[in-house]
Amino acid sequence: MLLIDPSSGKIIDANPAAATFYGYGRSTLRAMSIQQINTLTPEQVKEERKLAKSQGRNYFIFRHELASGDIRTVAVQSNPFSFSGKTLLLSVINDITPGRHDDQALWHYQSRLEEMVDQQVREIEEVRQQKEWILWGGITLQAIIILGLVFSIHRGLKLRDELSSQRQSLRNIIWGTDVGTWEWNVRTGEAHLNTRWAATLGYTLDELQPISIETWWMYVHPDDVERSREALHKHFSGESDAYQCEVRMRHKEGHWVWVLDRGKVVAWSESGKPEWVSGTHTEITEKKAAEGSLLQAASVFEHANEGIMITDPEGTIQNANLAFSRITGYSRNEVIGQNPRIFSSGHHDDQYFAEMWKSLSEKGNWTNEIWNRRKDGEIFAAIQTVSAIKDENGELLRYVSLFSDITALKKQQQQLEKIAHYDALTGLPNRVLLSDRLQQAILQAKRHKRLLAVAFFDLDGFKEVNDTHGHSIGDKLLIELAERSKQALREGDSLARLGGDEFVVVLQDLHSSEESLPVLERLLKAISKPIFMNHTEICVSASIGITFYPQADEIDADQLIRQADQAMYVAKQSGKNRYHIFDTEHDRSVRGHHDQVLRIHSALNNREFELYYQPKVNMRTGQVVGAEALIRWNHPENGLVMPGDFLPVIAGDAGLVVEVGDWVLEQAMTQIDQWHQQGLDVPVSVNVDALHLQLPDFVDRLQQMLAAHPGVLPGDLELEVLETSALNDINRVSTIINECRDIGISFALDDFGTGYSSLTYLKQLPAHLLKIDRSFVCDMLDDLEDLSILEGVLGLANAFRCQTIAEGVESVAQGEMLLMMGCELAQGYVIAKPMQAHCIADFIASWRPDPSWVNRDVIGRDNLPFLFAIVEQRTWSRELHNFLKAGGTELPEVIKQRCQFEEWLKTADETRFEACSELQQIRSMHEEIHQQADQFIAECLAGEQVDSQKLSHFEKRGSDLLKRLRGLLN
């Protein structure tokens with residue numbers, strides 16, 4: 001197709017097919033005019049236009065010159081349209097040169113031949129009339145008549161020769177167009193076909209004999225026969241000027257080919273019935289396939305779940321699909337002609353978009369998260385990919401943007417961020433957020449050349465408060481002291497809770513270390529002030545350790561916290577309710593640490609280390625899916641030493657970390673080889689320290705080890721990296737993981753959920769397995785917050801198509817809960833403790849999952865509230881028991897709150913449970929238990945002694961209720 005300016009003949013644009021046909025590049029065609037291609041003179045063009053108009057044709061026959069110098073006969077169909085206020089011609093060029101499958105030239109030249117024949121017939125008729133006039137002229141003009149006759153005969157012979165020549169030309173044209181032709185005597189059924197007609201179906205003419213109209217119907221697809229007959233009837237009845245129909249015909253080889261069949265009545269009987277019909281037969285199989293591909297592409301565009309937007313090189317929107325409208329709220333007509341800036345949310349600066357255009361220019365594509373605005377003004381988040389589409393010459397044609405709405409995922413991320421960054425009890429920053437803030441404070445101290453103080457304190461006597469008054473009172477005490485501590489700090493200082501009764505304070509912008517002392521005094525005073533709860537005076541104090549930054553040697557945030565922790569212990573040992581500044585104790589600690597490092601070096605050389613292996617299993621199927629390699633120290637004097645007692649010593653010592661890490665990898669590969677020799681297939685996972693992983697030559701070292709152990713196959717070795725370590729240098733770690741994956745080594749994120757991973761980070765880290773930290777597993781049966789975190793982690797893993805494995809499974813009930821929530825893989829003491837390598841074979845042969853695991857199905861999302869309600873009921877029962885046993889005077893918060901399980905029971909849909917009567921009994925038991933509990937609480941608050949037998953019966957009823965609940969859930 002060509003886009004032409006009719007006023008000048010200049011070619012405005014050409015599609016790739018035109019460039020291929022003419023042999024010019026598209027940019028070259030845009031610099032040419034149509035007069036440079038059309039070989040006809042302006043007078044010839046004018047004549048052709050007149051001829052087309054007189055014949056009622058909607059196309060012109062021209063001769064165009066290609067870049068190679070070849071001349072092609074083409075049919076040109078032009079349609080005007082308006083573009084930016086200017087009228088242009090969209091010209092469709094069809095090659096009808098001999099050898100092309102098109103019959104337009106045939107019709108054109110056949111019409112011209114018919115005109116010439118009619119002209120000659122008229123001339124012959126004029127000669128005949130002249131001869132009759134001469135004969136009537138009399139004998140006196142005989143000589144003249146004879147001369148006229150001779151002249152007329154000579155001229156008639158000449159006209160006959162010309163007619164014969166023109167008919168031969170017509171046959172040559174038909175042959176040159178390479179189309180099948182046919183003639184049909186409608187009255188007798190007689191038919192004539194040419195060789196090309198037969199060749200289209202893979203036959204020769206001889207193979208089709210005898211030929212009649214039945215030959216045609218014999219090969220037409222049964223589903224197309226009626227359509228062809230209907231088209232013929234319309235032509236015979238005068239409803240259409242010509243017969244035209246696309247049909248499928250059976251090829252000699254058995255497949256179907258598409259054919260365009262066209263024809264016209266060339267002879268009518270005196271009664272107005274058609275006698276002879278002539279036509280052409282053109283194969284269009286490739287054309288139909290191309291049309292199908294276009295329809296398929298259009299269907300994908302319209303029905304894709306992702307929003308799709310197409311713009312021109314200047315960014316003007318040209319098209320958009322239905323998903324685009326669903327996500328943005330704009331209809332297609334509303335955005336066509338607009339710029340994507342109408343979706344701007346204002347959340348991104350110029351640098352963000354500069355990087356986008358840079359990526360499109362250099363790489364041809366860009367992918368990132370982006371915040372956009374819907375038509376109603378709502379801001380939404382999307383994952384968007386923009387691709388630059390170019391032609392074969394590298395010239396930009398358009399941009400295509402695909403995006404998905406991830407607002408729901410972002411909200412889930414924000415929820416996880418809150419859980420990951422803040423302490424659930426006090427609302428203070430937790431260890432993760434503290435680490436981030438402390439690192440920022442270190443940078444600020446460097447930049448402004450000021451001091452930074454880190455104070456670590458825990459509460460003196462807090463354990464006694466918990467033991468005496470219960471955890472609910474202890475929690476209230478922590479909340480109150482957290483608030484008091486915040487009031488004692490300066491504006492800009494940070495307070496965080498690490499867990500239990502441990503807190504850390506970060507004091508910034510100090511001019512001297514003495515400037516921190518008044519803050520410490522206020523903290524000690526605020527914490528030691530008595531607190532009255534349940535009409536009881538509660539007194540605790542604090543022991544504070546403090547250290548400062550900068551120091552003579554470079555030090556990181558974790559080391560600062562450890563120094564303050566050590567100083568806190570000195571304060572506690574010195575009498576409590578005081579603070580201690582880290583100084584000489586630090587020096588002695590460093591010397592002791594140095595001695596320990598030397599001892600570990602010696603242990604490596606003396607082969608005192610050994611790898612134990614903890615099996616990892618599928619709790620449902622019983623399959624042993626692998627084992628985690630865990631280092632142990634066979635100390636000559638101290639016996640078997642656990643890693644927690646010596647690995648912290650080497651933390652931060654890059655040389656020793658790498659040395660121990662290489663030893664572990666080497667031992668693990670050796671063990672895999674030995675198990676293979678025994679016929680065991682046990683994939684092994686190895687923990688890799690961040691310092692080790694991010695060595696410049698880590699992958700090379702790993703490849704050398706693998707080369708030394710050719711029996712270690714892809715999938716036999718998995719590396720585990722702590723989530724928090726991976727996030728320190730996400731790009732570097734991601735690159736290393738990809739390089740390792742290329743050599744058959746997979747990765748897992750260890751202790752997942754204890755760090756902070758954004759959706760973007762998880763997408764960049766190609767880990768296939770998330771290890772759920774044991775801290776969420778151990779309390780999930782009694783702690784709704786841990787259960788909620790576990791649900792969120794599993795949902796996040798499912799969204800990123802990662803497997804999950806739970807660490808620290810120590811009871812059958814924990815395994816049941818994990819299976820119900822969709823986590824099948826686990827490791828922990830209820831399955832097996834870490835064991836020596838030679839014990840693995842016996843374990844695999846003998847281990848069987850608990851029967852309750854085998855039959856435990858994943859519960860649907862609709863039943864999750866039920867599961868949470870069971871946990872809430874168990875927590876309520878435990879807290880009530882502690883309250884009654886202690887004879888408390890103030891109800892715990894969990895008992896004061898509205899019973900979530902009762903709310904679930906009120907709305908439970910009985911149709912979802914087969915045992916409706918069981919649900920009714922559960923409602924009755926729950927109501928009975930709450931009535932009895934209210935009676936016990938009233939007696940306790942009144943100072944009366946609760947009857948022990950009634951309490952024992954009450955607790956038994958509570959246990960029965962939980963059993964029935966689990967049965968209903970099953």
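Structure report, in brief.

Cut-offs and rules
- Residues numbered from 1 in each chain as written.
- Predicted model: local features only at pLDDT ≥ 70, side-chain atom pairs only at ≥ 80, totals over all residues.
- Heavy atoms only, no water.
- Helix = DSSP H or I, 4+ residues; strand = E, 2+ residues; numbered from the N terminus.
- Buried < 20%, exposed > 50% of the residue type's maximum accessible area, 1.4 Å probe, protein only.
- Contact = heavy atoms within 4.5 Å.
- Areas by Shrake-Rupley, 256 points an atom, 1.4 Å probe, with all protein chains shown as cover.
- Expected span 1.5 Å × (residues − 1).
- Axes fitted to C-alpha atoms, helices over the stretch in contact; angles between N-to-C directions.
- Parallel < 35°, antiparallel > 145°, perpendicular 65-115°, else oblique.
- Nonpolar A, V, L, I, M, F, W, Y, C, P; charged D, E, K, R; others polar.
- Core = buried A, V, L, I, M, F, W, Y, C linked by side-chain atoms within 4.5 Å.
- Polar contact = N/O pair within 3.5 Å; in protein donor to acceptor, adjacent residues only side chain to side chain.
- Phe/Tyr/Trp six-rings, centres within 6.5 Å; stacked < 30°, edge-to-face > 60°.
- Lys NZ or Arg CZ within 6 Å of the ring centre and 35° of its normal.
- Pairing = 2+ DSSP bridges.
- Salt bridge = Lys/Arg side-chain N within 4 Å of Asp/Glu carboxyl O.

1. Brief notes about the overall build of the chain
Then step 1. Broken down by element type, the chain carries 37 helices and 32 strands.
Then step 2. Looking at the chain as a whole, 45% of its 970 residues qualify as buried.
Then step 3. Here the analysis covers contacts within the chain between residues at least 6 apart in sequence; of these, 60% occur between residues at least 24 apart.
Then step 4. Carbon and sulfur atoms form 51% of the exposed surface of the chain, whose accessible area is close to 50900 Å².

2. Describing helix α33 (residues 864-886)
Then step 1. End to end, α33 covers 33 Å across 23 residues, agreeing with the expected 33 Å (1.5 Å per residue, within 8%).
Then step 2. A positive backbone phi angle near 65° is found at G887, which sits one or two residues after α33.

3. Considering unusual backbone geometry
Then step 1. Cis rather than trans, the peptide bond between Q209 and P210 has omega equal to -10°.
Then step 2. As for its placement among the helices and strands, P210 is situated in the loop between α7 (205-208) and α8 (213-219).
Then step 3. Going from Y549 to P550, the amide bond is cis rather than trans, its omega being 5°.
Then step 4. Counting through the fold element by element, P550 comes out in the loop between β21 (541-549) and α19 (557-573).

4. Remarks on the packing of helix α15 (residues 431-448) against α19
Packed helices, taken two at a time, are described by the angle between their axes plus the distance between the axes.
Then step 1. Put simply, α15 and α19 touch, their axes get as near as 9 Å, and they point 105° apart. Considering their axes alone, α15 and α19 lie roughly perpendicular with respect to each other. Residues L434, L438, Q439 and I442 of α15 lie in contact with α19, whose contacting residues are A557, L560 and I561.
Then step 2. Tallied by class, residues from the contact of α15 with α19 come to six nonpolar, one polar and no charged.

5. Remarks on the nonpolar core
Then step 1. F698, L702 and L719 are the most contacted members of the largest nonpolar core, which totals 91 residues.
Then step 2. Look past the residues within four positions of L702 in its chain and what remains in contact with it is L665, M669, L717, L719, C740, I743 and I745.
Then step 3. Core analysis: the second largest hydrophobic core is formed by 33 residues, V465, L524, A526 and I544 among them.

6. Topic: α15
Then step 1. The terminal C-alpha atoms of α15 lie 25 Å apart, and with 18 residues this matches the ideal 26 Å at 1.5 Å per residue to within 8%.
Then step 2. Where α15 is concerned, the buried positions are V432, L433, L434, L438, A441, I442 and A445.
Then step 3. On its buried side, α15 packs onto α14 (407-421), β16 (451-460), β17 (494-499), β18 (502-510), β21 and α19.
Then step 4. Taking the backbone nitrogen of V432 as reference, a side-chain oxygen 3.2 Å away marks N430 as the first, capping residue of α15.
Then step 5. Where α15 ends, the next residue or the one after it, K449, has phi of about 55°, a positive value.

7. Some points on the packing of aromatic side chains
Then step 1. Taken as a whole and judged by the stated rule, the model has 20 aromatic pairs.
Then step 2. Seen in terms of ring centroids, Y352 and F353 are 5.3 Å apart; in terms of plane orientation they differ by 85°. Their pairing is edge-to-face.
Then step 3. A network of ring pairs unites the aromatic residues F324, Y330, F343 and F403 as a single cluster.
Then step 4. In this arrangement the basic side chain of R229 is found over the ring face of W217, its NZ or CZ atom lying 4.2 Å from the centre.

8. Brief notes about the sheet that holds strand β8 (residues 243-250)
Then step 1. With antiparallel pairing, five strands are arranged side by side in an open sheet as β7-β6-β10-β9-β8. Whereas interior strands pair on both sides, the edge strands pair on one side only; in this sheet they are β7 (191-193) and β8. This sheet shows a mean twist of 25° between the axes of neighbouring strands, independent of strand direction.
Then step 2. Against the sheet, helix α9 (residues 222-236) contacts β6 (180-185), β8, β9 (256-268) and β10 (274-283), and its axis sits at roughly 160° relative to β8.

9. Section: the environment of A708
Then step 1. Residue position: A708 is located in helix α24 (residues 698-708).
Then step 2. In the structure, A708 is positioned 38 residues away from T670 in sequence and 9.4 Å away in space, judged by C-alpha atoms.

10. A few points about the pattern of salt bridges
Then step 1. Using the criterion set out here, one finds 36 salt bridges in the structure.
Then step 2. With its nearest N and O atoms 2.8 Å apart, the salt bridge here joins K572 to D458. Here D458 lies in strand β16 and K572 lies in helix α19, a separation of 114 residues in the sequence. The same class applies to K572 and to D458, which are both buried.

11. Some remarks on the pairing of β9
Then step 1. Across eight bridges, β8 lies against β9 in antiparallel orientation. Bridge pairing in β9 links M249 to V257.
Then step 2. Between β8 and β9, which pair antiparallel in sequence order, lie five residues; one of them, G254, sits at a positive phi of approximately 105°.
Then step 3. Where β9 lies against β10, nine bridges are found, and the strand directions are antiparallel. By the bridge assignment, R262 is partnered in β10 with T280.

12. Some details on the sheet that holds strand β14 (residues 379-390)
Then step 1. Reading across the sheet, the five strands line up as β12-β11-β15-β14-β13 and stay open at both edges, with antiparallel pairing between neighbours. Lying at the two open borders of the sheet, with one neighbouring strand each, are β12 (317-320) and β13 (365-373). Across this sheet, the average inter-strand angle for adjacent strands is 25°, counted without regard to direction.
Then step 2. Taken together, the nine bridges between β14 and strand β15 (residues 396-405) define a ladder with antiparallel strand orientation. Counterpart to V386 in the pairing with β15 is S401.
Then step 3. Those strands touched by helix α13 (residues 350-362) are β13, β14 and β15, and its axis lies near 150° from that of β13.

13. Section: the pairing of strand β23 (residues 609-618)
Then step 1. Taken across its ten residues, β23 has nine buried, putting it largely inside the fold.
Then step 2. Note that β23 and strand β24 (residues 624-635) share nine bridges and pair antiparallel. The partner of P615 across the bridge, within β24, is A627.
Then step 3. What sits between the antiparallel neighbours β23 and β24 is a turn of five residues, in which G622 has the positive phi angle 85°.
Then step 4. As defined by bridge partners, β23 adjoins strand β32 (residues 835-836) across two bridges and the pair is classed as antiparallel. Within β32, the position partnered with Y612 by the bridge is Q836.

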